[in-house]
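Listed below, chain by chain, are the residues.
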Amino acid sequence: MAITHVRRVFTRLAFVAGTWALAVGMTASVAVAAHAPVSAPVPVTTPAPVPGKEHSGVSRYFSGPQGFAIPTAPCDPAGPSAADGIMADQLNPQLHAKMAGYMDAYKVSCARMVTQAVKDRGLNQRAAAIAIATIIVESSVNNYAQAVDYTSLGLFQQQDWWGTREERLNPAHATNAFFDEVERMYPGGSWNNEAIGEVCWHVQRPREDLRGLYAIEADDAVIMANALWSGTSGTGPKHPYGAGRVVSGRSADGRLEAFAAGTDGVYHSWQTAVNGAWSQWRFEGGPRNAQLSIAANADGRLEVFALSDTTFDHMWQTGVNGSWSTWANFGGGGHRLATGNNADGRIEVFASNSNGVFHRWQTAPSGNWANWEGTGGGPATSRLALETAPDGRLEVFALSDTTFQHLYQTGVNGGWSSWENFGGGGHDLTASYNQDGRLEVFASNSTGVFHRWQTSPTSWSEWTGMGGISNAELTHSRSADGRVEVFAINATAASHAWQTRPNAPYSEWETFGGGGTEIAAGNDADGRIEVFATSSAGVYHKWQTGFATWSAWAWLNNSGPAIN
């Protein structure tokens, strides 16, 4: 299709829509060249018009959601799936802007691949919404394989300095190139504090009068990102939630759910809207004074495990984002537990008792359970943490008062190694992962907090002291830009340290509040960290109000159960 012919189509469509003046601007050779080479980017403050070179795709916004009859490339090499078609049918009634009623299996497959690339990069759902808002405006979620506006191709309509033809038609490469520029323009994750539409506009850089187009699509992009987030798996590993007397995990729609173990059983509170306020606490029964862990089934349903010294029970969502089952027995009593997901989505549960460490796993994703089996030893009455290696293998860390040991899968979804020595004894531990996928483990003892990290997929650093408070309960979360943040609490104080940039050393500890009995952390759907702490008075929380600013501590709606 000749460029001049396409411009006539723009003009006719714009005239019908009552936007004749804007269409004339498009046909004239005054549009911005949207991107400069990554090696020599055009400053955001001085995007200069380049005569004869159309912007790389915003003009296509006026073509309608179906786009033009331009050849497209597959987004998923396997093609759209049946699930993509189902997702399209679910999304269409929820959307309100350009794509309302026009999503189909192909477009969902494209948005899905972009969402997966965001997840694999270690970014959050808000980042996925930014990317999706951009591809709605730029290409109506079509992976255009023929250049129309100068040399622009693909979902993001990237010109030839963004990569080869093949790279620009690869959704993963195109998404990462887009976020390379996002992170250059908004260093340190500051894009989290900018409106979605503004981030899109600053990176794409069309004419000033087209600036508002991305904002129009932001709300629908959030809906699409939230719907796709829990369903994307690809090659990116699924990382475990923490375990303890208070835990939190996200439902498939992005709402956080929190559980706290009181002296009379388990209590439950949940966000009533994504990134929103919290419900009143609801008593769920179950084991008393339990240790808790939470995991997501492959189909998105959350499952909660509660271990006391005499019993092990679990309950689960009966539908995605839905209500909860009653408690069912899961085993005998024990000391501590941890849960994670195999690469194929099957949940695997570990528990310690006076005889060592045992595990039990789903025999199929979202399915039935194998019997309990020993792991060949492990420290008795140990505290447990799980993390997921970059290739999807689970790794287990077990800390007792005198011993620290390590166990790992020898293959993806496979068998287990023997236990290896990982250090001396301590008080508590937590395990996380760097933006580049390397695992990092933190442990506390009477002299402070220490950490050890992978220097390669198969080797570890020595233990290094971080200072901090003594005999602390530990947890971690990750900032939206992939930085690990560590939180510690003991009877007298809470403190906080963070990586100064992704994959980098840590800040000094800062005071984070008064003392308590347990601490946990999670991420809202928009990436902000939310921290939960307990005391003999109840459960309280503190959350990021921006990328690096925090609220004051407040009760989690009301006080919730006392946890000594």
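Thresholds, definitions, all that
Residues numbered from 1 in each chain as written. Predicted model: local features only at pLDDT ≥ 70, side-chain atom pairs only at ≥ 80, totals over all residues. Heavy atoms only, no water. Helix = DSSP H or I, 4+ residues; strand = E, 2+ residues; numbered from the N terminus. Contact = heavy atoms within 4.5 Å. Areas by Shrake-Rupley, 256 points an atom, 1.4 Å probe, with all protein chains shown as cover. Buried < 20%, exposed > 50% of the residue type's maximum accessible area, 1.4 Å probe, protein only. Lys, Arg positive; Asp, Glu negative; His and termini not counted. Salt bridge = Lys/Arg side-chain N within 4 Å of Asp/Glu carboxyl O. Polar contact = N/O pair within 3.5 Å; in protein donor to acceptor, adjacent residues only side chain to side chain. Phe/Tyr/Trp six-rings, centres within 6.5 Å; stacked < 30°, edge-to-face > 60°. Lys NZ or Arg CZ within 6 Å of the ring centre and 35° of its normal. Pairing = 2+ DSSP bridges.

An unreviewed UniProt entry lists the protein under the name PLL-like beta propeller domain-containing protein, with Streptomyces polychromogenes as the source organism.

Scanning the protein from terminus to terminus reveals 9 helices and 30 strands. Across the protein, every contact between residues at least 6 apart in sequence was considered, and the portion connecting residues at least 24 apart equals 51%. For the protein, the exposed surface amounts to about 20600 Å²; the carbon and sulfur share of it is 53%.

Mapped onto the elements, D313 comes out in strand β8 (residues 311–316). R360 provides the closest opposite charge to the buried, salt-bridge-free D313, at an N-O distance of 9.2 Å. Engagement of the side chain of D313 in a polar contact is seen with the side chain of T311, the distance being 3.4 Å. Those residues in contact with D313 that sit more than four places away from it in its chain are P287, V304, F305, A306, W327, A328, N329 and F330.

Of all the 9 residues making up helix α8 (residues 196–204), 8 are buried; the element is thus mostly covered by neighbouring parts of the structure. Every buried residue of α8 is accounted for by I196, G197, V199, C200, W201, H202, V203 and Q204. Contacts made by the buried residues of α8 are with α5 (125–139), α7 (171–185) and α9 (213–229). Immediately beyond the C-terminal end of α8, within one or two residues, lies R205, with a positive phi of roughly 55°.

Glancing now at the pattern of salt bridges. Taken as a whole, this structure holds 21 salt bridges when the rule is applied. D428 is paired through a salt bridge with R383; the nearest N and O atoms lie 3.2 Å apart. A residue pair is termed long-range when its members are at least 10 positions apart, and D428 in strand β18 (residues 428–433) and R383 in strand β14 (residues 383–388) qualify at 45 residues. Overall, the relative accessible area of 7% leaves D428 in the buried class.

Attention shifts here to the packing of aromatic side chains. Going through the model one piece at a time under the given rule, you end up with 26 aromatic pairs. Judged by centre distance (5.0 Å) and plane angle (55°), the ring pair of Y267 and F283 falls under tilted. With Y267 in strand β4 (residues 265–270) and F283 in strand β5 (residues 282–285), this residue pair connects regions lying 16 residues apart in the sequence. Put simply, the rings of F487, F512, Y540, W550, W553 and W555 touch in pairs and so form one group of aromatic residues. Geometry around F330 places R360 over its ring, the cationic atom sitting 4.5 Å from the centre. Directly above the ring of F512 sits K542, whose terminal nitrogen or CZ lies 4.1 Å from the centroid.

Strand residues, when the strand is regular, have side chains that alternate between the two faces of the sheet. β14 sits mainly inside the fold: 6 of its 6 residues count as buried. Because side chains alternate across β14, one face comprises the buried residues R383, A385 and E387, and the other comprises L384, L386 and T388, equally buried. The pairing of β14 with strand β15 (residues 394–399) spans 6 bridges and is antiparallel. Its bridge partner lying in β15, R383 is registered against L399.

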